Protein chains: 2
Amino acid sequence: MAPNTEVEAVTDTSSVVVGDPVLANGPTRPVFTLDDVLPHREKSKPPPSTVAAFSNATMFKSEGCLNKPKSQSFEHRLSSESKSRNPSSLKNAMKYFRPETISLCGGLPSSDYFPFEELSATLPVPPQFSEAEALASGRTFSSGKHDVREGKSVFDLSIALNYGQSMGPGALLRFITEHTEIVHNPPYSDWEICMTAGSTSALEIALRMLTERGHYVLTEEYTFSSAIETVAPMGCKMLGVKIDADGMLPDDLDHILSTWDESARRAPKPFLVYTVPTGQNPTASTQSLARRKQIYAVAEKHDLFILEDEPYYFLQMEPFISGATHSVPVPFKPVPVADFLANLVPSYLSLDKSGRVLRLDSFSKIVAPGSRCGWVTGQPQIIERFIRHSEVSVQTPAGFATTALYNLLEQNWGHKGFLEWLMYIRAEYTRRRDIIVNACEAYLPTEVASWVPPKAGMFHWIHVDITQHPLYKSKSRDGNIDYATLLEIEDSVFLAGVEQNVLIAKGSWFRAQRGSDKELFFRTTFAAAPADKIVEAIRKVGTAIRKEFGLEEKQNGHAR
Amino acid sequence: MAPNTEVEAVTDTSSVVVGDPVLANGPTRPVFTLDDVLPHREKSKPPPSTVAAFSNATMFKSEGCLNKPKSQSFEHRLSSESKSRNPSSLKNAMKYFRPETISLCGGLPSSDYFPFEELSATLPVPPQFSEAEALASGRTFSSGKHDVREGKSVFDLSIALNYGQSMGPGALLRFITEHTEIVHNPPYSDWEICMTAGSTSALEIALRMLTERGHYVLTEEYTFSSAIETVAPMGCKMLGVKIDADGMLPDDLDHILSTWDESARRAPKPFLVYTVPTGQNPTASTQSLARRKQIYAVAEKHDLFILEDEPYYFLQMEPFISGATHSVPVPFKPVPVADFLANLVPSYLSLDKSGRVLRLDSFSKIVAPGSRCGWVTGQPQIIERFIRHSEVSVQTPAGFATTALYNLLEQNWGHKGFLEWLMYIRAEYTRRRDIIVNACEAYLPTEVASWVPPKAGMFHWIHVDITQHPLYKSKSRDGNIDYATLLEIEDSVFLAGVEQNVLIAKGSWFRAQRGSDKELFFRTTFAAAPADKIVEAIRKVGTAIRKEFGLEEKQNGHAR
């Protein structure tokens with residue numbers, strides 16, 4: 001077995017983990033902690049390690065998990081496209097494959113013709129996570145073509161670089177299954193997992209599985225622009241549910257559904273909710289546990305199906321303190337894993353007794369977007385249909401990506417190292433959040449600009465009071481302006497930023513129902529630019545807004 | 001600039017390249033050879049090397065290419081889904097990005113938080129391509145996080161592992177553009193390229209761009225089972241065009257279209273052709289140049305659009321000689337590149353004056369399936385729509401894959417090394433083809449089994465005379481049996497193989513119009529199993545067929 005940081009002593013044996021028994025309404029749920037991973041592996045079968053081997057999450061679950069009640073069926077929510085998919089004839093034939101079988105069936109090239117003998121990655125060793133430390137003391141992990149045959153590993157290039165099953169290679173699926181139990185501990189037993197080519201791809205597949213042309217998809221009033229741009233060409237519309245600083249409002253969701261008039265709306269009552277519960281894109285709102293329970297109750301009442309898109313889940317931050325900037329020690333000092341997990345708002349997956357949640361996870365924001373790799377977790381029929389769709393589209397994540405992730409997660413970090421890395425980037429994003437919010441306090445004209453400091457994610461959402469804009473004052477009638485004028489004002493602020501050499505994102509791009517904007521927002525991100533550039537950019541945004549709103553330049557921002 | 005094998009002396013300066021002027025009906029076309037690559041690069045701009053930079057093929061084309069006539073519009077062939085796609089709001093904003101701009105716009109993580117300092121690959125150096133040589137004398141190529149900043153490269157991990165534009169990174173798009181000019185030399189000037197997450201994904205996208213529910217897609221009578229399984233859930237049907245040993249029959253294609261009756265067929269006249277012209281899956285048929293010209297003429301006549309799916313294009317083989325097996329020298333002895341290219345049947349792309357061909361290329365069969373990386377080449381509006389779809393689905397190939405491909409193609413091999421590698425695997429597949437066909441001659445009962453030795457690809461298609469089967473003899477009426485009986489016979493042969501521990505693929509899986517089979521076929525592949533296992537498996541298939549057909553075991557196969 002590969003070296004794994006689980007074998008090192010762990011101090012966090014407390015039972016305070018997310019998926020905590022108090023969260024479920026039913027009987028106490030068994031928990032699965034870091035300490036349970038290695039003993040469980042030792043008494044279980046290793047992941048399958050032949051080319052294109054079938055595996056699933058159930059192979060790797062703990063006994064406690066397997067004893068939970070099963071999920072409900074959500075077949076009635078599947079689209080006609082999804083229902084009509086048949087299993088791949090060729091992949092189906094593999095059920096006749098035995099160890100002694102010679103296959104002349106599938107056109108899988110021999111690994112003799114993969115021109116890669118070894119792939120290596122130089123990786124940071126926990127807790128020396130900073131780039132400078134990683135460059136100085138990173139370790140190199142390698143995968144050879146025939147490591148499995150040579151007894152060195154359960155995953156090698158002869159497997160990774162060939163075709164594979166759409167749920168992903170067993171060696172990684174095991175890691176992700178364990179991670180899911182440790183972090184989410186879903187309340188039902190038969191959840192399954194399919195690896196994805198990233199959440200953008202996973203969202204497209206999920207939408208094709210769960211919508212028909214003419215359907216509405218429920219989401220936050222402002223939502224991820226790419227999600228809007230994915231839904232529209234499918235002939236569907238986003239329907240925005242009202243939000244506050246804690247995200248989607250359960251009462252409004254219930255109201256929309258309870259009063260749905262199919263003939264007036266010319267559409268069936270919606271059942272699909274697309275939500276980013278944590279560090280929502282673009283508003284940065286983060287649903288509290290109470291909010292999530294309320295939304296889930298509405299979902300139970302109206303038999304909804306929830307797409308829980310959670311790229312920023314682990315970027316939940318310390319509270320913002322005006323004027324202060326959290327520092328990140330070098331080397332990083334992780335807290336016990338159980339403490340970290342206990343402070344995360346529980347996921348919908350962890351509350352989902354019925355199986356009505358498909359959770360979308362991604363390595364993009366927590367490892368690298370170029371992995372084009374993530375995973376979905378949900379009810380087994382839903383995952384089976386997801387696999388069928390993947391077989392005739394993305395097939396699998398790239399083997400070069402799964403090799404790098406295997407080296408990183410399984411060979412180098414283990415679960416403990418991975419969770420410590422997540423603490424590290426959470427701390428880094430907290431620091432960056434502090435920088436941007438403090439810069440806003442210093443440089444934005446508070447006469448017109450307001451915001452709520454983000455609790456999670458990588459975005460900062462800024463409200464600008466459109467009623468103070470000269471064009472608004474001259475054009476409004478009864479306190480309203482037309483959409484074209486709103487766009488004109490928005491564009492003028494955007495272009496004033498461009499003139500200052502700063503790019504920010506327009507709120508209207510994120511409006512779930514395009515064209516229904518009444519207010520002015522801008523999305524900024526603290527993920528990309530270096531700290532000093534963030535401050536400079538926000539200062540220039542302040543200048544741009546003042547210019548457009550005819551306000552005087554502030555003489556001395558207190559952060560100067 | 002990276003070390004590149006083009007700088008080495010090349011001996012193949014002859015003008016005999018594919019895309020040869022004689023192939024076009026119009027005036028002589030300029031050609032672009034290996035020797036032209038480096039001089040062209042030296043007088044051109046380098047590929048863009050900032051994060052998520054825009055690039056396109058036109059940036060990298062030769063002057064001769066840019067002076068050709070433009071393509072026609074095929075907008076009238078786009079689906080309503082495809083037509084309704086808007087560009088990504090966020091990506092569109094990048095047009096305001098200047099070198100001095102600070103972007104707070106796109107949520108691209110800082111490369112500070114990519115836990116990969118360096119990625120390395122140990123690769124075979126031309127012409128030491130065999131696994132033993134690569135293990136003994138392979139060289140290691142690396143990519144660091146900041147190679148671009150350090151002036152070492154035009155591509156590094158800070159770019160590869162972040163989000164990128166859907167057409168792919170400029171450094172690889174340049175290589176693929178040059179490759180396209182060297183190999184295909186398309187007759188029109190404005191062709192474009194988008195990198196893909198493999199041809200399975202590209203096919204799904206192309207079908208969603210070019211079909212509506214209720215449409216027919218024209219293809220070979222027997223076609224790739226996955227393509228059938230992709231088309232069906234979209235509400236479309238495959239329509240099989242008759243074939244011979246040279247593939248699709250142009251007269252039948254013309255006949256179907258000329259006699260199309262929309263009301264009788266309850267479908268509009270089809271316009272989309274899906275074809276695998278070289279080493280077709282499953283029949284291994286390879287369309288001759290004359291055949292391709294005839295099909296293209298039918299396409300011009302009926303305004304068709306052709307999806308040219310060519311994973312096996314470079315696996316075009318030496319003719320089969322009964323009893324002989326081509327050997328592959330170690331180290332490999334490549335012929336001059338121009339000779340290799342001159343012996344390839346020209347592609348549809350190289351014949352396409354109008355822009356009615358979308359060519360699908362893939363690294364899966366020529367480098368490794370785990371790359372999940374390929375590219376499409378075609379008319380610019382079609383590629384633009386393809387990019388729009390990619391933006392909200394697969395986004396890009398994985399950065400771990402593009403890094404490995406950059407190390408392989410650009411740092412190690414260059415165009416000459418890549419084409420020599422293609423000669424090598426062509427030779428290896430020729431050897432494997434010889435082994436399977438000789439084994440068939442030795443062990444299959446020629447009373448009932450017949451075949452045409454493959455000229456390309458990785459499949460061997462075997463016809464079995466169903467009329468000789470006992471069940472046929474007992475159940476046929478007027479020389480016909482029902483479909484259920486055909487499937488019963490097919491399954492009995494398949495299961496007799498399984499009993500012998502051999503898996504082969506059933507012909508019915510590949511029947512374009514499911515359920516219309518009249519004959520019995522089996523697809524075997526010589527790609528996967530080692531040589532001795534191929535012979536053993538075919539011997540067992542012979543035993544299985546004899547058993548099912550009640551034939552006597554051959555006493556001494558001449559290859560024993």
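Values in this document were obtained by computation on a predicted structure and should not be read as measured data.

### Overview of the overall build of chain A
Then step 1. Counting its regular elements, chain A contains 19 helices and 17 strands.
Then step 2. Compactness check: chain A gives a C-alpha radius of gyration of 25 Å against a globular reference of 24 Å for 560 residues, within 12% of the reference.
Then step 3. Seen along its three principal axes, the alpha-carbon backbone of chain A occupies a region of about 80 × 60 × 50 Å.
Then step 4. Within chain A, the proportion of its 560 residues that are buried is 66%.
Then step 5. Of the roughly 19,100 Å² of accessible surface on chain A, 51% is carried by carbon and sulfur atoms.
Then step 6. Here chain A contributes 58 positive and 66 negative side-chain charges, whose respective centroids are spaced 3 Å apart.

### A look at the relation of the copies chain A and chain B
Then step 1. Superposition of chain A onto chain B requires a rotation of 180° combined with a translation of 0.0 Å along the rotation axis, giving an RMSD of 0.0 Å. Between the two chains, the operation in question is that of a two-fold axis.
Then step 2. The share of interface residues of chain A whose copies in chain B are also at the interface is 100%, consistent with both copies meeting through the same surface.

### Considering the interface of chain A and chain B
The accessible area lost on association of the parts is a frequent measure of interface size.
Then step 1. Of the residues lining the interface, 111 residues belong to chain A; the matching set on chain B comes to 111 residues.
Then step 2. The contact between chain A and chain B buries some 9,200 Å² in all, and 60% of this surface belongs to carbon and sulfur atoms.
Then step 3. Residue contributions to the side of chain A that touches chain B peak at 13 residues, all from helix 16 (residues 399-443) of chain A.
Then step 4. When grouped by side-chain class, the residues that make up the side of chain A that touches chain B number 58 nonpolar, 30 polar and 23 charged.
Then step 5. As paired elements, strand 15 (residues 502-503) of chain A and strand 1 (residues 102-103) of chain B share two bridges and run parallel to each other. Bridge pairing links Val502 of chain A to Ile102 of chain B in strand 1 of chain B.

### Some details on the domain arrangement of chain A
Residues and elements named next belong to chain A.
Then step 1. One can read the domain layout of chain A as domain 1 (157-317 + 326-429) and domain 2 (432-549).
Then step 2. A separation of 28 Å is found between the C-alpha centroids of domain 1 and domain 2.
Then step 3. Each side of the interface is counted separately: domain 1 has 29 residues, and domain 2 has 24 residues.
Then step 4. Both faces considered, domain 1 and domain 2 share a buried interface measuring about 2,300 Å² in area, 58% of it formed by carbon and sulfur atoms.
Then step 5. The largest contributions to the domain 1 side of the interface with domain 2 come from Tyr222, Met317 and Tyr429, which together make up 31% of the buried area.
Then step 6. Applying the counting rule to domain 1 against domain 2 returns three salt bridges.
Then step 7. Across the pair Glu221 and Arg511 runs a salt bridge whose closest N-O atoms are separated by 3.5 Å.
Then step 8. At the surface where domain 1 touches domain 2, the tally comes to twelve residue pairs in polar contact (both at pLDDT 80 or more).
Then step 9. Of all elements in the fold, only strand 5 (216-220), helix 9 (225-231), strand 6 (237-241) and helix 16 reach the threshold of two or more residues within the side of domain 1 that touches domain 2.

### A few points about helix 1 (residues 34-42) of chain B
Residues and elements named next belong to chain B.
Then step 1. For helix 1, every residue scored as buried is listed here: Leu34, Val37, Leu38, His40 and Arg41. Buried positions in helix 1, seen along its axis, are confined to an arc of 165° and lie on one side of it.
Then step 2. Buried-residue contacts for helix 1 involve helix 7 (170-183), helix 13 (337-342) and helix 16 (399-443).

### Section: the state of the cysteines
Then step 1. Applying the stated criterion to the full structure yields zero disulfides over all chains.
Then step 2. Here Cys65 of chain A stays unpaired: no disulfide links it, and the sulfur of Cys194 of chain A, its closest cysteine neighbor, is 18 Å away.
Then step 3. Left unpaired, Cys373 of chain B is separated from the closest cysteine sulfur, that of Cys194 of chain B, by 10 Å.

### Some remarks on the nonpolar core
Then step 1. If you look at the biggest cluster of nonpolar residues, it comprises 323 residues, and the most contacted ones within it are Phe116 and Leu307 of chain A together with Phe116 and Leu307 of chain B.
Then step 2. Ignoring sequence-local partners within four residues, the contact set of Phe116 of chain B consists of Ala121, Thr122, Leu123, Val367, Ala404 and Leu408 of chain A together with Lys145, Leu157, Leu161 and Phe400 of chain B.

Conventions and cut-offs
- Residues numbered from 1 in each chain as written.
- Chains lettered and ligands numbered in written order.
- Predicted model: local features only at pLDDT ≥ 70, side-chain atom pairs only at ≥ 80, totals over all residues.
- Heavy atoms only, no water.
- Helix = DSSP H or I, 4+ residues; strand = E, 2+ residues; numbered from the N terminus.
- Rg over C-alpha atoms; globule rule 2.2 N^0.38 Å.
- Buried < 20%, exposed > 50% of the residue type's maximum accessible area, 1.4 Å probe, protein only.
- Areas by Shrake-Rupley, 256 points an atom, 1.4 Å probe, with all protein chains shown as cover.
- Lys, Arg positive; Asp, Glu negative; His and termini not counted.
- Charge placed at Lys NZ, Arg CZ, Asp CG, Glu CD.
- Least-squares fit on C-alpha atoms with pLDDT ≥ 70 in both.
- Contact = heavy atoms within 4.5 Å.
- Buried area = accessible area lost by both parts, 1.4 Å probe.
- Nonpolar A, V, L, I, M, F, W, Y, C, P; charged D, E, K, R; others polar.
- Pairing = 2+ DSSP bridges.
- Domains from an automatic or database assignment.
- Salt bridge = Lys/Arg side-chain N within 4 Å of Asp/Glu carboxyl O.
- Polar contact = N/O pair within 3.5 Å; in protein donor to acceptor, adjacent residues only side chain to side chain.
- Arc of directions from axis to C-beta.
- Disulfide = S-S within 2.5 Å.
- Core = buried A, V, L, I, M, F, W, Y, C linked by side-chain atoms within 4.5 Å.

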